[in-house]
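What the coordinates show
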Amino acid sequence: MKRIVVLVSGNGSNLQAMMEACKQGRLHATVAAVFSNRADAYGLARARDAGIPAHALDARDFAGREAFDAALADSIDAYAPDLVVLAGYMRILSAGFVRHYAGRMLNIHPSLLPKYPGLHTHRQALANGDADHGASVHFVTEELDGGPVILQAKVPVFDGDSEEDLQARVQVQEHQIYPLVAEWFVSGRLVMRDDAAWLDGERLPAVGHAAE
Ligand code: GRF
């Protein structure tokens, strides 16, 4: 069975979706452990409820970003993961950490990348009057939210939507696409090569796999 380690900083609804997909056999893997940079992340409680080891590291216990990330990588590697999944992990990653997991670390970002890397994506989509918004699953590279996109899910933006409305609509989609992409990875269908994502031997376009 392939092993996934998940990193969270908050609610952990994407972690939950991943755990449920494993349980239901849609994802042929096991969530081996969950890590957080915040001891109060609800995602840690979700993991413990599911009987999965859950650990927090406190940045104040380390000399700097490199030291924190080195300790985190050591702790993650003790679980020998095939895949590392960032699920709302709100901490900038050091270059060394990213390189260590190159080609085996995924992130989900709440926008249709390359639009709106960084924070407040729902607010920006509303402010710009976008007709569509969504989420993107991508491989993690050293460029923030800039790695090759694997799959996007689009949602409509309706008149009168609040940021919360939009976030909720996007999250429903996130919970579908993230476990699906994880399954592609653990089954060997998905790889990162030449700074691109490849699915079933085909190089994916900049917007990822065209689901329609
Ligand atoms: C998601 O919207 C994800 O796109 C972003 O952070 C949020 C995490 O939500 N990276 P949750 O903690 O999985 O509920």
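The structure we're discussing is the one just above.
Definitions and cut-offs
Residues numbered from 1 in each chain as written. Predicted model: local features only at pLDDT ≥ 70, side-chain atom pairs only at ≥ 80, totals over all residues. Heavy atoms only, no water. Near = heavy atom within 4 Å. Polar contact = N/O pair within 3.5 Å; in protein donor to acceptor, adjacent residues only side chain to side chain. Areas by Shrake-Rupley, 256 points an atom, 1.4 Å probe, with all protein chains shown as cover. Helix = DSSP H or I, 4+ residues; strand = E, 2+ residues; numbered from the N terminus. Nonpolar A, V, L, I, M, F, W, Y, C, P; charged D, E, K, R; others polar. Salt bridge = Lys/Arg side-chain N within 4 Å of Asp/Glu carboxyl O. Buried < 20%, exposed > 50% of the residue type's maximum accessible area, 1.4 Å probe, protein only. Phe/Tyr/Trp six-rings, centres within 6.5 Å; stacked < 30°, edge-to-face > 60°. Lys NZ or Arg CZ within 6 Å of the ring centre and 35° of its normal. Core = buried A, V, L, I, M, F, W, Y, C linked by side-chain atoms within 4.5 Å. Contact = heavy atoms within 4.5 Å. Pairing = 2+ DSSP bridges.

Our focus in this paragraph is the site of the ligand. Around the ligand, the surrounding shell consists of Asn 11, Gly 12, Ser 13, Asn 14, Gly 88, Ile 108, His 109, Pro 110, Gln 171 and Glu 174. One of the backbone N or O atoms of Asn 14 is found 2.8 Å from an oxygen atom in the ligand. Gln 171 has a polar side-chain atom sitting 3.0 Å from an oxygen atom of the ligand. Computed on the free molecule, the ligand has an accessible area of 360 Å², of which 87% lies beneath the protein chains in the complex. For the shell around the ligand, the elements supplying multiple residues, two or more each, are α1 (13–23), β5 (105–109) and α6 (163–186). When the residues that make up the shell around the ligand are grouped by side-chain class, the tally is two nonpolar, seven polar and one charged.

In the structure shown here, the tally under the stated rule is seven salt bridges. A salt bridge links Glu 163 to Arg 123, with the shortest nitrogen-to-oxygen separation between them at 3.0 Å. On the criterion of sequence distance, the pair formed by Glu 163 in helix α6 and Arg 123 in helix α5 (residues 121–127) is long-range, its members being 40 residues apart. For the salt bridge of Arg 189 with Asp 200, the shortest nitrogen-to-oxygen distance reads 2.7 Å. Here Arg 189, found in the loop between α6 and β8 (190–193), pairs with Asp 200, found in the loop between β9 (196–199) and β10 (202–203); they are eleven residues apart in sequence, far enough to count as distant. Exposure remark for Arg 189: the relative accessible area of 35% places this residue in the partly exposed category.

It is worth spelling out the packing of aromatic side chains at this point. In total, this model carries four aromatic pairs according to the counting rule given. Seen in terms of ring centroids, Phe 62 and Phe 68 are 5.5 Å apart; in terms of plane orientation they differ by 85°. Their pairing is edge-to-face. Above the plane of the ring of Trp 198 lies Arg 193, whose end atom (NZ or CZ) is 4.2 Å from the centre.

The next point concerns the nonpolar core. Ile 4, Val 6, Leu 27, Val 34, Ile 150 and Leu 190 are the most contacted members of the largest nonpolar core, which totals 45 residues. Those residues within four positions of Leu 27 in sequence are excluded, and the remaining contacts are Ile 4, Met 18, Ala 21, Cys 22, Pro 179, Ala 182, Glu 183 and Val 186. In terms of nonpolar packing, the next biggest core, distinct from the first, is built from 20 residues, Val 5, Ala 73, Leu 86 and Met 105 among them.

Right, let's talk about the sheet that holds β8 for a bit. Across the sheet, which stays open at both edges, the three strands sit in the order β8-β9-β10 with antiparallel pairing between neighbours. The open sheet has two free edges, formed respectively by β8 and β10, since each of these has just one partner strand. The sheet contact formed by β9 and β10 spans two bridges and is antiparallel. Its bridge partner lying in β10, Trp 198 is registered against Arg 203.

The element α1 is largely enclosed, with a buried count of eight among its eleven residues. Of all the positions in α1, only Ser 13, Asn 14, Leu 15, Ala 17, Met 18, Met 19, Ala 21 and Cys 22 are classed as buried. Close packing links the buried residues of α1 with β1 (2–8), β2 (29–36), α2 (42–49), β4 (83–86), β5 and α6. One or two positions beyond α1, positive phi appears at Gly 25, with a value near 80°.

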